[in-house]
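Each chain, written out:
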Amino acid sequence: MKIAIVCYPTFGGSGVVATELGIALAERGHEIHFVTYKQPVRLELLNNNIFFHEVHVPEYALFHYQPYELALSSKLVDTVKLYGIDVLHVHYAIPHAYAGYMAKKMLQEEGIFIPMITTLHGTDITLVGKHPFYKPAVTFSINKSDIVTSVSENLKAATLELFAIENSIEVIPNFIETTKYQSDFTECQRSLMAKDDEKIITHISNFRKVKRIPDVIKIFNIIQKKIPSKLVMVGEGPEKEKAEILCEEYGITDKVIFVGNSNQIDKILCFSDLFLLPSESESFGLAALEAMINKTPVVSSNTGGIPEVNVQGVTGYLSDVGNVTEMAENAIRILSDDTVLNTFKENAFKNAQRFDIKKILPLYEAVYEKALQFRFKNMH
Ligand code: GMT
């Protein structure tokens, strides 16, 4: 099948999911065309089955805002025609579903029917999409998609609650390639980050407000008083400076390492003992799953779709948003006994297998097959 994938190419859950999905589909023999404004960060290799089409938005002084949706929909029209694309899969509703729908209508004028699948990822619904300035357009583009999928049950429920949705929504959870990790474990180099007697705690995100970065520092500050430890902060974003200032106030700058964005999160996670995810909202928590597959237990908030990934008392612990004291206590409980820690590590790894890409990929393939049926019906 020839599939065009639209996504954000930057560090961040939806782009990572879209890229990994495209790579896995290409390995299964599908022809994948990424259409976006930059080569996706995790897309290192282009091969016979993977193509990248860059969306250029020419600058024009008259425009206060450059019209990306317009350029994207035009690029989609061209790509579909040039490569004979069968289905269009857009990740993140804003503005991708909207631009995808415009492309679909333009192509229809030329007698080409292209089915569109929209995958909802989280902030496109819970944070940005529900804003009154976007809501009508987001509702419209979800309703006009041929198939809609969401990455968790919780996100599906939130979408149905927040928008007047007429379409059905299928839940296809995010996934992880499990086999990759079984062999890579030996490469762990924890001595780079901490002394032998220190535990390593990690947080990975885009450092936006929704991640509650100050909570990460507050939790760690309580932990480090009881357990010799280091905190590794991976990522870049608007809350980073606040976090650095908080570390100075607590006098823990020597114990917190800010490593910036990284393409090597598995290397960092494989020597981590605990992952912190105290987010305000989280549709799934892909970073938690990435931690779990690297045998890292998770102490998180209990918001959104996180409970569908992190299992209370098994793979880690969950607390109410903002309850930093309880999160720190739970972290200390896991970290203070190596037998307990190892049990949580093994449980995290075992539970991550529920999201093995081998189980999830066929669900997407079934969706594409269904979309092709729509195409067939509309063309004949
Ligand atoms: O976490 C972010 O802020 C990035 C955002 C994105 O769209 O890239 O992540 C969302 O999609 C991920 C992949 O499906 C989910 O794992 C994240 O939970 C979700 N983020 C939020 O809902 C805040």
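Let me begin by describing the structure that accompanies this report. Every value quoted in this text rests on a predicted model; they were computed, and no experiment measured them. (Residues numbered from 1 in each chain as written. Predicted model: local features only at pLDDT ≥ 70, side-chain atom pairs only at ≥ 80, totals over all residues. Heavy atoms only, no water.)

Structural notes on the site of the ligand
- Around the ligand, 18 residues are found, and the nearest of them are Ser 14, His 121, Asn 174, Lys 211 and Glu 282.
- A distance of 2.7 Å separates an oxygen atom of the ligand from a polar backbone atom of Ser 14.
- A distance of 2.7 Å separates an oxygen atom of the ligand from a polar atom in the side chain of Glu 282.
- By residue number, the principal contributor to the shell around the ligand is helix H1 (residues 13-27), which donates three residues.
- In the shell around the ligand, the residues fall into five nonpolar, 11 polar and two charged.
- Taken domain by domain, the makeup of the shell around the ligand includes at least three residues from each of domain 1 (2-175 + 357-379) and domain 2 (178-354). (Near = heavy atom within 4 Å. Polar contact = N/O pair within 3.5 Å; in protein donor to acceptor, adjacent residues only side chain to side chain. Helix = DSSP H or I, 4+ residues; strand = E, 2+ residues; numbered from the N terminus. Nonpolar A, V, L, I, M, F, W, Y, C, P; charged D, E, K, R; others polar. Domains from an automatic or database assignment.)

Side note on the packing of helix H3 (residues 96-109) against helix H5 (residues 135-144)
- Between H3 and H5, the shortest axis-to-axis distance is 9 Å and the interhelical angle comes to 55°. One element, H3, and the other, H5, form an angle in the oblique class. When the axes of H3 and H5 are compared, the crossing they make is left-handed. Taken together, the residues of H5 that come into contact with H3 (itself represented by Ala 97, Tyr 98 and Tyr 101) are Ala 137, Phe 140, Ser 141 and Lys 144.
- The residue makeup of the contact of H3 with H5, split by class, is five nonpolar, one polar and one charged. (Axes fitted to C-alpha atoms, helices over the stretch in contact; angles between N-to-C directions. Parallel < 35°, antiparallel > 145°, perpendicular 65-115°, else oblique. Left-handed = near helix turned anticlockwise from the far one by under 90°. Contact = heavy atoms within 4.5 Å.)

A word on the sheet that holds strand E13 (residues 316-319)
- Taken in spatial order, the six strands make up an open sheet running E10-E9-E8-E11-E12-E13, and their pairing is parallel. Where the open sheet ends on each side, the last strands, each with one partner, are strand E10 (256-260) and E13. Averaged over all pairs of adjacent strands, the angle between strand axes in this sheet comes to 20°, irrespective of strand direction.
- One ladder, built from six bridges, connects strand E8 (residues 199-204) with strand E9 (residues 229-234); its direction is parallel. Note on E9: the bridge partner recorded for His 203 is Met 233.
- Running at roughly 165° to E9, helix H8 (residues 213-226) makes contact with E8, E9, E10 and strand E11 (274-277) of the sheet. (Pairing = 2+ DSSP bridges.)

Here's the deal with the nonpolar core
- If you look at the biggest cluster of nonpolar residues, it comprises 68 residues, and the most contacted ones within it are Leu 120, Phe 275, Leu 289 and Tyr 368.
- Split by domain, the residues of this core number at least three in each of domain 1 (2-175 + 357-379) and domain 2 (178-354).
- Ignoring sequence-local partners within four residues, the contact set of Leu 120 consists of Ala 93, Ile 125, Ile 142, Val 148, Thr 149, Ser 150, Val 151, Leu 155, Thr 159 and Ile 169.
- In this structure, Phe 207, Cys 247, Val 256 and Val 324 belong to the second largest nonpolar core, which totals 29 residues. (Core = buried A, V, L, I, M, F, W, Y, C linked by side-chain atoms within 4.5 Å. Buried < 20%, exposed > 50% of the residue type's maximum accessible area, 1.4 Å probe, protein only.)

Description of the pattern of salt bridges
- Scanning the model with the defined rule gives 16 salt bridges in all.
- Among the ionic pairs, Glu 236 bridges to Lys 240, the shortest N-O distance being 3.2 Å.
- Residues joined by salt bridges that share partners form a network here, namely Arg 190, Asp 273 and Lys 345. (Salt bridge = Lys/Arg side-chain N within 4 Å of Asp/Glu carboxyl O.)

What about the packing of H8 against helix H9 (residues 240-250)?
- Where H8 meets H9, the closest approach of the two axes is 9 Å, and the angle between their N-to-C directions is 25°. Taken together, the axes of H8 and H9 lie roughly parallel to each other. Every pair of crossing elements has a handedness; the one defined by H8 and H9 is right-handed. Together, Ile 213, Pro 214, Ile 217, Lys 218 and Asn 221 of H8 and Lys 242, Ala 243, Leu 246, Cys 247 and Tyr 250 of H9 make up the contact between the two elements.

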